[in-house]
Amino acid sequence: MARGKLRIYLGAAPGVGKTYAMLSEAHRRVERGTDCVVAFVEHYGRPRTEVMLHGLEQVPRRELGYRGAVFTEMDVDAVLRRAPAIALVDELAHTNIPGSRNAKRWQDVEELLAAGIDVISTVNIQHLESLGDVVESITGVRQRETVPDEVVRRADQIELVDMSPQALRRRMAHGNIYQPDKVDAALSNYFRPGNLTALRELALLWVADRVDEYLKQYRSEHQVSAIWGSRERIVVGLTGGPEGRTLIRRAARLAEKGAGGEVLAVYIARSDGLTSASPKELAVQRTLVEDLGGTFHHVVGDDIPTALLDFARGVNATQIVLGSSRRKAWQYVFGPGVGATVARESGPDLDVHIVTHGEVAKGRGLPVARGARLGRARIIWGWAVGLAGPAVMAVLLTTVNLGLANNMLLFLTLTVAAALLGGLLPALASAAFGSLLLNYFYTPPLHRLTIADPKNIVAIVIFFGVAVSVASVVDLAARRTHQAARLRAESEILSFLAGNVLRGETSLEELLERVRETFGMESAALLERAGETEPWTCAGRAGFGPTLERPEDADVDMPVGDHLALALTGRVLPAEDRRVLAAFAAQAAVVLDRRRLQEEAYRARALAEGNRIRTALLAAVSHDLRTPLAGIKAAVSSLRSDDVAWSEEDQAELLEGIEEGADRLDHLVGNLLDMSRLQTGTVTPIIREIDLDEVVPMALGGVPEGSVDLDIPESLAMVAVDAGLLERAVANLVENAVKYSPPDRPVLVSGSALADRVEVRVVDRGPGVPDAAKERIFEPFQRYGDAPRGAGVGLGLAVARGFAEAMGGTLDAEDTPGGGLTMVLSLRAAGARAGQLTPVPPERQVT
């Protein structure tokens, strides 16, 4: 089934007439015989909108109850069953009542479109998701109901319903939008003239961008190469020279004169790479054009005028801005230049501006390699070979006559060697010096700087030209090798950063240490501040030296937004290194944000755990504690009643019930208090050496006689524990085991020694616990299986483990051979690592 088409009426604010326009379109469609229904339209008591609903079929709405009230929503199923050709759905960004088929109305619309039903809908500009922050800064109101921009952009038709702020305020004052009692508040708050003007501009610009997308799509589909001057697009041709900044500012001023003007700066590089601009200057110009709201583009093309014109026509530009040529007058013999060629071939639909600047006719100059790229030793060897080599070669050739051609090849070899070692300048010096030596020693008249044979003049000139050309190519290859190595290093660094972004493995300190090592700095620090006037603080640091207080105190600082800066000390970095440094700075900001989000998540998790504990505690108080209280109160009330004469047996039974209820309350409250002490970290054990047979028997006082078998050898080593905590822990373990063990199978409590540990095992023959639940039973307020509500609040095992770990011990659950569960309480033997506590595993720490 073909997907339905979506048409949206977009407005700047409520009341501009979107719903009215939608209903008017529906009436036109119905008059033409189209099957059109109203799926959901809300008229809000506006008389003119309500009148427009007459004569249109309306699909009954679905009623939903929420918080004691009844609401109506669009019945998606009813619309799908009706299957009209067109459905009217108002308020695309609306949030449906809980219990609806979808959370958002635009999701309902997606279902209708998928079923082949055309939909006409409405939305206000403030409900677009990407504009939420902008609208809030304008109006001071955060829109809770939003629709993704992509949903609106995918619409087949978008029609702007526009109205001036003054006309909209008049409609508001006449009561055509809101009820009279709400008009004054609306006019003085949301519907202020400034707010409406800003929202109207947002709507107009958004629709203009959408229209521009439609135009690009149409030109691409129909292969339209001619320029359509629908809006001013100004292309700035850059050469990488210093005049580029002047051209960009000039183009920005031209763009400001026309509505919706756009600046596109383009640098065209030759595919052979034999000519290149200054990367530093291009980076500066890229930043400048982006700061002025334009875009920067890098294009490869051998024919610069053709590539520039193709780019301009491809983006539907209307103007091209070029700088006056920097070439000398004599250089025009090689051609008219880029500016003149572009102006001649631009045609009538593309204006070309030639802008003068301070670099006109100053020449381009030869690219000179910086010595630092080759190293001092190589440069020295290059000069040595370039100057001493020809002299030594001249001395050697005086003894052997090889002919002028062979001599030139030997000198040319020295020039190439000088270029390979020291770059262009030593090679040029070698070529010049070699030419003089060839003239002086090997061209008649000998030993004079004159040449008798004109052919020798040509040979010397060709030698010098070849030497200079070869030296230039060799030097360019060396520079390209340096650039390739540098780009490879940059790509490895950026790959490392990208991997860390995806994996989230590197901490802030590790990243700063990587920055320091990469650039060979003394220290690296990430500074931040809360506001423009607030002092800087150090969020992270690596290296040595004094702590920086401001980015201005560093040798290199890279800002990240308005309130973060990466500061380095040690040396001043060259401009080409700042690109990679900017990537490091952005990654440092991401790592800092991720660390703080993790901290927030930890705090939120702790709060959630605390809330869970408090909720369970309230549940325990509301039921488990009230049950024995209710029993005690009932027994006391019965004993105090004068209406019934209780026998001695009945009185004893009631008193026994009171005593049992009181004991049960005492036990529950004790566990609650113990758990609260563990939660707040106030459990401070007093460790001393004791025998287990002094403590364990005292822990069995609360269980029925005959339900426990005790096996604690007298020869068992003493343990280093807190006697009170150990008694409570063993008592809880035994009580839990007796609860689940069959009446005819007593619980076994035994003691044994294992290396420097002493183990207390509480063995029952109950149903046992699966491996997956063995850790969960130690969590607070956990009852395993179908334990009844009166069986306790589920704190016994949690308190026992907390006390065991507070004393440096461990508590684990194991299966009992033959069926059942064994609790293993491992304690430190006396004298083993005295004064130290066994670390608590992170997964068992009580938060």
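Computed from a predicted structure; not experimentally measured.

Visitor: Let's hear about the overall build of the protein: which residues, and what values?
Guide: The helix and strand inventory of the protein stands at 24 helices and 24 strands. Here the protein, with 847 residues, has 42% of them falling under the buried criterion.

Visitor: I'd love a proper account of the nonpolar core, names of residues and values included.
Guide: In this structure, Leu 88, Leu 92, Leu 112, Ile 125, Val 147, Phe 191 and Trp 206 are the most contacted members of the largest nonpolar core, which totals 62 residues. Residue contributions to this core peak at six residues, all from helix H9 (residues 193-221). If we skip the residues at most four places from it in the chain, Leu 88 touches Met 22, Leu 23, Ala 26, Cys 36, Val 37, Val 38, Ala 39, Phe 40, Val 41, Leu 56 and Ile 120. Counting residues in each nonpolar core, the second largest holds 42 residues, with Ala 699, Leu 725, Val 760 and Val 799 among its members.

Visitor: Can you lay out unusual backbone geometry for me, pointing to particular residues and giving the numbers?
Guide: In this model, Ala 83 sits at a positive phi of 50°, which is unusual for a non-glycine residue. Relative to the helices and strands, Ala 83 is located in the loop between helix H3 (76-82) and strand E6 (86-89). Unusually for a residue other than glycine, Glu 91 sits at a positive phi of about 55°. For Glu 91, the position within the fold is in the loop between E6 and helix H4 (105-114).

Visitor: Provide a residue-level description of the packing of helix H23 (residues 723-740) against helix H24 (residues 796-806), including the pertinent values.
Guide: Running from N to C, H23 and H24 cross one another at 145°; their axes reach a closest spacing of 9 Å. Seen along the crossing, H23 lies across H24 with a hand that is left-handed. Contacts from Leu 725, Arg 728, Ala 729, Asn 732, Leu 733 and Asn 736 in H23 reach Gly 796, Leu 797, Val 799, Ala 800 and Phe 803 in H24. Taken together, the residues that form the contact of H23 with H24 break down as seven nonpolar, three polar and one charged.

Visitor: Quick rundown of the pattern of salt bridges? Include the residues and the values.
Guide: Under the definition given, this model contains 26 salt bridges. Of the charged contacts in the structure, one is a salt bridge between Glu 509 and Arg 595, with a shortest N-O distance of 3.4 Å. With Glu 509 in helix H18 (residues 508-519) and Arg 595 in helix H19 (residues 578-624), the pair connects residues that are 86 residues apart, well separated along the chain. Taking the relative accessible area as the measure of exposure, Glu 509 reaches 34% and is therefore partly exposed. With a relative accessible area of 27%, Arg 595 lands in the partly exposed category. Asp 771 serves as the salt-bridge partner of Lys 774, at 2.7 Å between the closest nitrogen and oxygen. A single salt-bridge network, built from bridges that share partners, covers Arg 7, Glu 25, Arg 28, Arg 29 and Glu 159.

Visitor: A description of a nonpolar patch on the surface should follow, citing residues and the corresponding values.
Guide: Side chains of Trp 383, Leu 387 and Leu 425 sit close together on the surface and give an oily, nonpolar patch of about 260 Å² of accessible area. Within the secondary structure, Leu 387 is located in helix H14 (residues 376-397). Assessed through its relative accessible area of 38%, Leu 387 is described here as partly exposed.

Visitor: Go over a negative patch on the surface, please, and point to the residues and values.
Guide: On the surface, Glu 648, Glu 649, Asp 650, Glu 653, Glu 656, Glu 659, Glu 660, Asp 663 and Asp 666 cluster together to form a negatively charged patch. As for its position among the elements, Glu 659 is in helix H21 (residues 648-680).

Visitor: Before we move on, could you go through the packing of aromatic side chains and cite the residues and values that matter?
Guide: Using the criterion set out here, one finds zero aromatic pairs in the structure. Its end group placed over the ring of Phe 40, Arg 105 keeps NZ or CZ at 3.9 Å from the ring centre. The aromatic ring of Phe 778 is capped on one face by Arg 801, whose charged end is 3.9 Å from the ring centroid.

Visitor: I'd like a description of the sheet that holds strand E9 (residues 233-238), backed by residues and values.
Guide: The strand order across the open sheet formed by five strands is E11-E10-E9-E12-E13, and the pairing between neighbours is parallel. In this open sheet, the two edge strands, each paired with only one partner strand, are strand E11 (295-300) and strand E13 (351-355). When strand polarity is set aside, the average angle formed by the axes of neighbouring strands in this sheet is 25°. Bridge count for E9 against strand E10 (residues 262-269) is six bridges, and the pairing is parallel. Residue pairing for E10: Val 236 is matched across the bridge by Ala 265. Packing of helix H12 (residues 304-314) onto the sheet brings it into contact with E9, E10, E11 and strand E12 (319-323), and relative to E10 it is tilted by some 150°.

Quick notes on the rules
- Residues numbered from 1 in each chain as written.
- Predicted model: local features only at pLDDT ≥ 70, side-chain atom pairs only at ≥ 80, totals over all residues.
- Heavy atoms only, no water.
- Helix = DSSP H or I, 4+ residues; strand = E, 2+ residues; numbered from the N terminus.
- Buried < 20%, exposed > 50% of the residue type's maximum accessible area, 1.4 Å probe, protein only.
- Core = buried A, V, L, I, M, F, W, Y, C linked by side-chain atoms within 4.5 Å.
- Contact = heavy atoms within 4.5 Å.
- Axes fitted to C-alpha atoms, helices over the stretch in contact; angles between N-to-C directions.
- Left-handed = near helix turned anticlockwise from the far one by under 90°.
- Nonpolar A, V, L, I, M, F, W, Y, C, P; charged D, E, K, R; others polar.
- Salt bridge = Lys/Arg side-chain N within 4 Å of Asp/Glu carboxyl O.
- Patch = residues over 30% accessible without salt bridge, like charges linked within 9 Å, V, L, I, M, F, W, Y side chains within 5 Å.
- Areas by Shrake-Rupley, 256 points an atom, 1.4 Å probe, with all protein chains shown as cover.
- Lys, Arg positive; Asp, Glu negative; His and termini not counted.
- Charge placed at Lys NZ, Arg CZ, Asp CG, Glu CD.
- Phe/Tyr/Trp six-rings, centres within 6.5 Å; stacked < 30°, edge-to-face > 60°.
- Lys NZ or Arg CZ within 6 Å of the ring centre and 35° of its normal.
- Pairing = 2+ DSSP bridges.

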